[in-house]
Each structure stands twice: as structure tokens, then as C-alpha cells.
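Architecture at a glance
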Amino acid sequence: MKHNTFFKALVLALLVGFHTNIFAQNNYRHSVGANLGWMNGISFKFNLKGNVYLQTDWGMGINTNVLFPVINELYFCPDLGGQVNILYEKKFSKTANTYWIVGGGICGAKDWSKGLTSPYWKTGAKVVLGLEWCFDIPMSIQLDMRHGYGLMFSANKNFDGGENLLFTINHVPFHFYDFSMVFSIRYCFDKIK
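For the structure given in this document, a descriptive report is provided here. (Residues numbered from 1 in each chain as written. Predicted model: local features only at pLDDT ≥ 70, side-chain atom pairs only at ≥ 80, totals over all residues. Heavy atoms only, no water.)

Okay, the overall build of the protein chain next. The secondary structure content of the protein chain amounts to two helices and nine strands. Along its sequence from the N terminus, the protein chain presents helices and strands in the succession α-β-β-β-α-β-β-β-β-β-β. A separation threshold of at least 6 residues defines the contact pool for the protein chain, and within that pool the share at least 24 residues apart is 59%. Element-wise, carbon and sulfur atoms account for 70% of the exposed surface of the protein chain, whose accessible area totals about 10,700 Å². (Helix = DSSP H or I, 4+ residues; strand = E, 2+ residues; numbered from the N terminus. Contact = heavy atoms within 4.5 Å. Areas by Shrake-Rupley, 256 points an atom, 1.4 Å probe, with all protein chains shown as cover.)

Structure representation (C-alpha cells):
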């Protein structure tokens, strides 16, 4: 019940902010904060030049292979790793400090379903689509969807069947559609003079 009230208040605040001028001009180049959702951890965003940003996210994620939900080990597979994305951001309008985001990047992670003893790794590439709202306190909120192509493979050279077949079939890494939704909240710094 508390979560529903929080999300309703957040959506209302973002909608009001989009149609009014409560979002001040974004005068900051970089930001650091936290991610929630399919990826939980820390997030860094650095302005490279103009509207181009480098975003790196590190922490615990959930591998969500939505095309093959029958393979339970892949459908809900926690992993520990990171993503590096290059993003292009553009304002919706001059009055509201709301941005649309498009970009892409690479990811790499270690399967965490069996902790340190797990031999499985994940790598892949993703396309990022999202929105970012910048406030004058200084803080920003970002919501994005990440669609990608992933490979799951085993670091164990012993491909003798068993559960290895879920990730490596005939010595070939298991490939899949990788999807995630990430909510980020960041503190902005390095003010533009």
C-alpha cells in the first residue's frame, strides 16, 4: 500500500513538472546516485560533450530473459556486474527541464544465483530509451528501458552436460533477448559557470 502511494505521488509530481516550469535549467555536467529496479547499485553519469553522456551502472541485476520464461534459471537469474552506455539527451521543450534519452552500450556480469561458486557469466549489448527530469536542488531522476542481446556462458571448461547445457549448448554460449527497466536518482555536480 505504501509503495502504491509513493509511486502515485512520484508520477503526479513528474506530470506537474513536465507541464510547468518547476524544473530549473540543468546547470550541471555530472551526477552520481543509485539505481533501483532490474539493476540495483550505483550510477555515474559524465558529460562528454554537448548532449552526449557516458553513464556507468554497477551492482546487482536480474537477468530477465522474457522470450524463454520456461527456463527458470535464466528467467530469474541474479547477477553482479556493470553496464557502460553512451547516451544522447535532448530537451522536450524550453520551459520544462525534461529530457528524452537514446543510446546504447555494453554489459558484463557474473551469475550470482550460486554465489562465488557459480561458473556462469553474462555479456551483451543494449539499446537504452528513457526520460530524465532535472531539478534545481540539484538532483535528477531517470527512468529507462534497456533492450539487448545477451550471451550466457560458463567459465568451466568441463562441458559434460548437466546444468551447463542451460547456458552452453555444444560448447556454444546460450544467446537470449535481455530486457531491463531501471529507475535512477542522482546528485548533480560540477556546475557550469
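What follows is about the packing of aromatic side chains. Aromatic ring pairs are reported here in terms of the distance separating the ring centres and the angle at which the planes meet. Here the structure, examined in full by the defined rule, presents three aromatic pairs. Note on F44 and F46: the rings are 6.4 Å apart at their centroids and 5° apart in plane angle, and the pair reads as stacked. Classification of F46 as partly exposed rests on a relative accessible area of 32%. Between Y88 and W100 the ring centres are 5.9 Å apart and the planes differ by 55°, which places this aromatic pair in the tilted class. A residue pair is termed long-range when its members are at least 10 positions apart, and Y88 in strand β4 (residues 77-91) and W100 in strand β5 (residues 98-111) qualify at twelve residues. For Y88, a relative accessible area of 34% translates into the label partly exposed. A cation over a ring is seen here: K45 above Y53, with NZ or CZ 5.5 Å from the ring centre. (Phe/Tyr/Trp six-rings, centres within 6.5 Å; stacked < 30°, edge-to-face > 60°. Buried < 20%, exposed > 50% of the residue type's maximum accessible area, 1.4 Å probe, protein only. Lys NZ or Arg CZ within 6 Å of the ring centre and 35° of its normal.)

With that out of the way, let us pick up the pairing of strand β1 (residues 28-37). Pairing geometry for β1 and strand β2 (residues 39-49), over five bridges, is antiparallel. In the sheet register, S31 faces β2, and the bridge partner there is K45. Connecting β1 to the next strand, β2, in antiparallel fashion are one residue. (Pairing = 2+ DSSP bridges.)

Here we take up a nonpolar patch on the surface. Together, Y88, F92, W100, V102, V127, L129, L131 and M145 make up an exposed nonpolar region whose accessible area comes to about 620 Å². For the nonpolar patch, the elements supplying multiple residues, two or more each, are β5 and β6 (120-134). (Patch = residues over 30% accessible without salt bridge, like charges linked within 9 Å, V, L, I, M, F, W, Y side chains within 5 Å. Salt bridge = Lys/Arg side-chain N within 4 Å of Asp/Glu carboxyl O.)

The subject of this paragraph is the pattern of salt bridges. Side-chain pairing between opposite charges can occur once the charged atoms of the two side chains come close. Summed over all chains, the structure comprises nine salt bridges. In this structure, E89 engages K45 in a salt bridge whose closest nitrogen and oxygen atoms are separated by 2.3 Å. Of this pair, E89 sits in strand β4 while K45 sits in strand β2; the two residues are 44 residues apart in sequence, bridging distant segments of the chain. As far as burial versus exposure is concerned, E89 and K45 are alike and both buried. In this structure, the salt-bridge partner of K122 is D178, at a minimum N-O distance of 3.1 Å.

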